[in-house]
Amino acid sequence: MTLEEQWAEMAQRQDREKLESYRQLNRLAKKGQVVFTGSSLMEQFPLNEMLQGEALPYRVYNRGMSGFVAPQLLQVLDVCVVELAPAHVFLNIGTNDMSRPDYRQEALLACYRRILEEILSHVPGVKLHLLAYYPVNPDLEGQEGWAAEALRYRTNQVLREANRGVEALAREMGAEYLDLNAPLLDGQGRLRAQYTKEGIHLYPAGYQAVLGELLPVLRSLS
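Residues numbered from 1 in each chain as written. Predicted model: local features only at pLDDT ≥ 70, side-chain atom pairs only at ≥ 80, totals over all residues. Heavy atoms only, no water.

> Hey, could you go over the UniProt feature "domain: SGNH hydrolase-type esterase" (unreviewed entry) in the protein chain for me, with residue numbers and the actual values?
Following the UniProt record, one finds the feature "domain: SGNH hydrolase-type esterase" (unreviewed entry) at residues 54-209. What you have in residues 54-209 is 37% helix and 10% strand, and the ends, taken at the C-alpha atoms, are 16 Å apart. (UniProt positions renumbered as here; feature names shortened; annotations may be inferred. Helix = DSSP H or I, 4+ residues; strand = E, 2+ residues; numbered from the N terminus.)

> Got a sec to walk through unusual backbone geometry? Specific residues and values, please.
Excluding glycine, most residues fall at negative phi; most peptide bonds, likewise, are trans. Notably, alanine 55 is not glycine yet its phi reads approximately 50°, a positive angle. For alanine 55, the location among the structural elements is in the loop between α3 (47-50) and β2 (60-62).

> Tell me about the packing of aromatic side chains, and name the residues and values.
In the structure shown here, the tally under the stated rule is 3 aromatic pairs. When the ring of phenylalanine 36 is compared with that of phenylalanine 45, the centres are 6.5 Å apart and the planes differ by 65°; the resulting orientation is edge-to-face. In this structure, phenylalanine 36 and phenylalanine 45 share a single accessibility class: buried. Each ring, one from phenylalanine 36 and one from phenylalanine 90, has its centre 4.5 Å from the other, and the planes form 5°; the classification is stacked. Here phenylalanine 90 lies in strand β3 (residues 88-92) and phenylalanine 36 lies in strand β1 (residues 34-38), a separation of 54 residues in the sequence. Judged on exposure class, the residue phenylalanine 36 and its partner phenylalanine 90 are both buried. (Phe/Tyr/Trp six-rings, centres within 6.5 Å; stacked < 30°, edge-to-face > 60°. Buried < 20%, exposed > 50% of the residue type's maximum accessible area, 1.4 Å probe, protein only.)

> Describe the sheet that holds β2, with residues and values.
Read across the open sheet, the 5 strands follow the order β2-β1-β3-β4-β5; overall the sheet is parallel. For this open sheet the edge positions go to β2 and β5 (176-178), each flanked by a neighbour on one side alone. Geometrically, the sheet is characterised by an average inter-axis angle of 20° between neighbouring strands, direction not taken into account. Note: β1 against β3, 5 bridges, orientation parallel. The partner of phenylalanine 36 across the bridge, within β3, is phenylalanine 90. Relative to the sheet, helix α6 (residues 105-122) contacts β3 and β4 (127-131), its axis offset from that of β4 by approximately 155°. In the packing of helix α8 (residues 156-173) onto the sheet, the strands contacted are β4 and β5, and the crossing angle to β5 comes to about 155°. (Pairing = 2+ DSSP bridges. Axes fitted to C-alpha atoms, helices over the stretch in contact; angles between N-to-C directions. Contact = heavy atoms within 4.5 Å.)

> Quick one: what's the story with the pattern of salt bridges, residue by residue and with numbers?
Applying the stated rule across the entire model yields 8 salt bridges. Here arginine 113 and glutamate 172 are joined by a salt bridge, their closest N and O atoms 2.4 Å apart. Here the residue arginine 113 occupies a position in helix α6, and glutamate 172 occupies one in helix α8, the gap between them amounting to 59 residues. Accessibility expressed as a relative area gives 52% for glutamate 172, which makes it exposed. Residues aspartate 186 and arginine 190 are paired through a salt bridge, measuring 2.8 Å at the closest nitrogen-oxygen approach. Each of the salt bridges in this network shares a partner with another, and the network as a whole consists of Asp139, Asp186 and Arg190. (Salt bridge = Lys/Arg side-chain N within 4 Å of Asp/Glu carboxyl O.)

> Run through the environment of tyrosine 203, naming residues and quoting values.
Tracing the chain through its elements places tyrosine 203 in the loop between β5 and α9 (204-220). As for tyrosine 203 and serine 39, which are separated by 164 residues in sequence, their C-alpha atoms are 16 Å apart.

> Let's hear about the pairing of β4: which residues, and what values?
On a regular strand, one side chain projects to one face of the sheet and the next to the other, so that they alternate. Here β4 lies mainly inside the structure; 4 of its 5 residues are buried. Of the pairings in the sheet, the one linking β3 to β4 comprises 4 bridges and is parallel in character. Paired with valine 89 across the two strands is leucine 128, which belongs to β4. Between the parallel elements β3 and β4, the chain passes through α6 in a crossover that is right-handed. For β4 and β5, the ladder comprises 3 bridges, and the chain directions are parallel. Across the sheet, the residue bridging to leucine 130 is tyrosine 177, located in β5. (Right-handed = clockwise from strand over helix to strand, strands pointing away.)

Shown next, in the form of structure tokens:
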């Protein structure tokens, strides 16, 4: 077995273990609450820590899956959404799809639509909130490895075009589209250098900036 195959096998095992942990946590969770799901940009959002002082009248569950592309999330919606029977779902999925040379926006949006349809069909009355994709910064010093490769394809232009597609999909599906990106942007439309680890993922300060935009929405939920 090659090193790449070993890494792939380890990643699959970690995904299975994480999903099993979520299944077990779902049995302890209160239904009818608020769920955030998506890929690593959602999983790494430290919502519980940042919302401790807010006294919101509901519980927040994070069911993000690092590394997932949209078709993978579609396959595990039972664990990441349905079992929790949430009143609200906040979704950010698709950036890993954009990090590949074979990315096609129409394929992503078609899968995104299926995700929304599945949630709506299995969770009656749920309200959907679709987050705009965060910007990236391809101009940091020392970018290498997977981040440099991903940023060859996941450009800010690609992200902006995808956001327009998600916004249109939200209108069509009766969901709310949330663009929380204003405080993340520098003067050139890139992700602010102080908010990002490697040009893609956010430090807590970046999430704190996002939360400042998100809080009015969370406080208004019923």
